[in-house]
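Residues per chain are reported as follows:
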Amino acid sequence: MEHWNSTLGSGFILMGILKDSESPELLCAIITILYMLALTSNGLLLLVITMDTRLHVPMYLLLGQLSLMDLLFTSVVTPKALVDFLRSENTISFGGCALQMFLALTLGGAEDLLLAFMAYDRYVAICHPLNYMVLMSTRVCWLMVATSWILASLSAFVYTMYTMHYPFCKARMIRHLLCEIPPLLKLACADTSRYELMVYVMGVTFLMPPLVAILVSYTLILFTVLHMPSNEGRQKALVTCSSHLTVVGMFYGAATFMYVLPSSLHSPKQDNIISVFYTIVTPALNPLIYSLRNKEVMGALRRVIGKYMLRTHPTF
């Protein structure tokens, strides 16, 4: 097949789920609602955690970072997908594709590591409460946040540069919602088998250790919770941990399907559905899962709204 110069050409064509859907207008409306929900819920959670001093503790600092990552992740993908559908123009430049891939890999990798740190935070809080402020000091917490962002961005940079160095063929159509490694490699006019093995190893290396750490943390937490004398303390711990495990299950399930399963088990339709799940659905649901069952967050939200109402309507 003839090669084309991707750096000078018109780039790629993203053939996402909206193009393959039988009811694209309905799906577009659903995605728009989910995106607005993600913006509103994550934005509110970030605002509440920033403004309420009672939430200036490691658990909520990490939760605020998760909301920031979700908000950015969905914004990297969703607006372009919606605008492209409405304009009937699905092209993305070579540079734009590389940037989108880098941002998506950075945000996905950072969230992967952050979820493991959040599990460790819950483990220390429940299993070693007397040492919590020593083991989870503000300095340690910010070190965890910085580690998540730095390691993820370095990994994303390396894999983006290596993926985009391949020559691509004239069939410029990426049958996917966004520029990601697996669908893009299908357009390469070179042997990518070794690199695909590297991507698989990267997926296992980046996903499995944090997942094992999360499972070990919650196993230890479960044993501790079952021996708690207070029913109220046991219930509070279970509610907090069940919310975290729900988010972990959604994120790691989708990421494992995309980057750990062999490419022979992938199909464009399945990949599109999974990509919608972790770029649009999960960011919209995460803040709701954490906040609706969390009395401290809901209380802080009421206090922030109350302060706002008093400032804007003194006689209210």
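Because the structure is a prediction, the values reported are computed rather than measured.

About the cut-offs
Numbering of residues begins from 1 in every chain and follows the order in which that chain's sequence is written. For a predicted model such as this one, the threshold for reporting local features is a pLDDT of at least 70, and the threshold for listing and counting side-chain atom pairs is 80 or more; totals across whole chains, interfaces and linings nevertheless cover every residue. Here the side-chain values reflect all heavy atoms present in the structure, with hydrogen atoms and water set aside. Two cysteine sulfur atoms form a disulfide, by the criterion used here, when they sit within 2.5 Å. In DSSP terms, a helix is any run of H or I states spanning at least four residues, a strand is any run of E spanning at least two, and both are numbered starting from the N terminus. Throughout this description, buried means an accessible area under 20% of the type-specific maximum (1.4 Å probe, protein chains only), exposed means over 50%, and partly exposed covers the range between. UniProt positions are given in the numbering used here, feature names are shortened, and annotations may be inferred rather than shown by experiment. Whether two aromatic rings pair depends on their centres lying within 6.5 Å, for rings of Phe, Tyr and Trp, where Trp uses its six-membered ring; planes under 30 degrees apart make the pair stacked, over 60 edge-to-face, and the rest tilted. Strand pairing follows a simple DSSP-based rule, namely that at least 2 bridges must link the two strands.

A. Inspection of the state of the cysteines at higher detail. All chains considered together, the criterion is met by one disulfide. Residue pairing for Cys97: its cysteine sulfur links by disulfide to Cys179, the two sulfurs lying 2.1 Å apart. Residues Cys97 and Cys179 are joined by a disulfide whose S-S torsion is about -120 degrees; by sign, that bridge is left-handed. With Cys97 in helix α4 (residues 94-127) and Cys179 in the loop between β5 (173-174) and α7 (181-185), the pair connects residues that are 82 residues apart, well separated along the chain. Take Cys97 and Cys179: they sit in the same class, and that class is buried.

B. Up close: the UniProt feature "transmembrane region" (unreviewed entry) in the protein. Within this structure's numbering, the places UniProt gives as "transmembrane region" (unreviewed entry) are residues 26-48, 60-78, 98-120, 140-162, 197-225, 237-261 and 273-292. Structurally, residues 98-120 comprises 100% helix and 0% strand, and the distance from its first C-alpha atom to its last is 33 Å.

C. Geometry of the packing of aromatic side chains. If you walk through the whole model with that rule in mind, you get nine aromatic pairs. Centroid distance Phe12 to Phe168: 5.4 Å. Interplanar angle 85 degrees. Geometry classified as edge-to-face. With Phe12 in strand β2 (residues 12-14) and Phe168 in strand β4 (residues 168-169), this pair connects stretches of sequence that are 156 residues apart. A relative accessible area of 0% means that Phe12 is categorised as buried. Taken together, a centroid distance of 6.0 Å and an interplanar angle of 85 degrees make the contact between Tyr162 and Tyr166 edge-to-face. Taking the relative accessible area as the measure of exposure, Tyr162 reaches 38% and is therefore partly exposed. Cluster of aromatic residues (ring-pair linked, three or more members): Tyr159, Tyr162, Tyr166 and Tyr195.

D. Main features of the sheet that holds β2. Strands sit in the order β3-β2-β5 across an open sheet of three strands; the sheet is mixed. Either end of the sheet is taken by a strand with one partner, and the two such strands are β3 (91-92) and β5. In this sheet, β5 lies alongside β2 in parallel orientation, the contact comprising two bridges. Paired with Leu14 across the bridge in β5 is Ile174.

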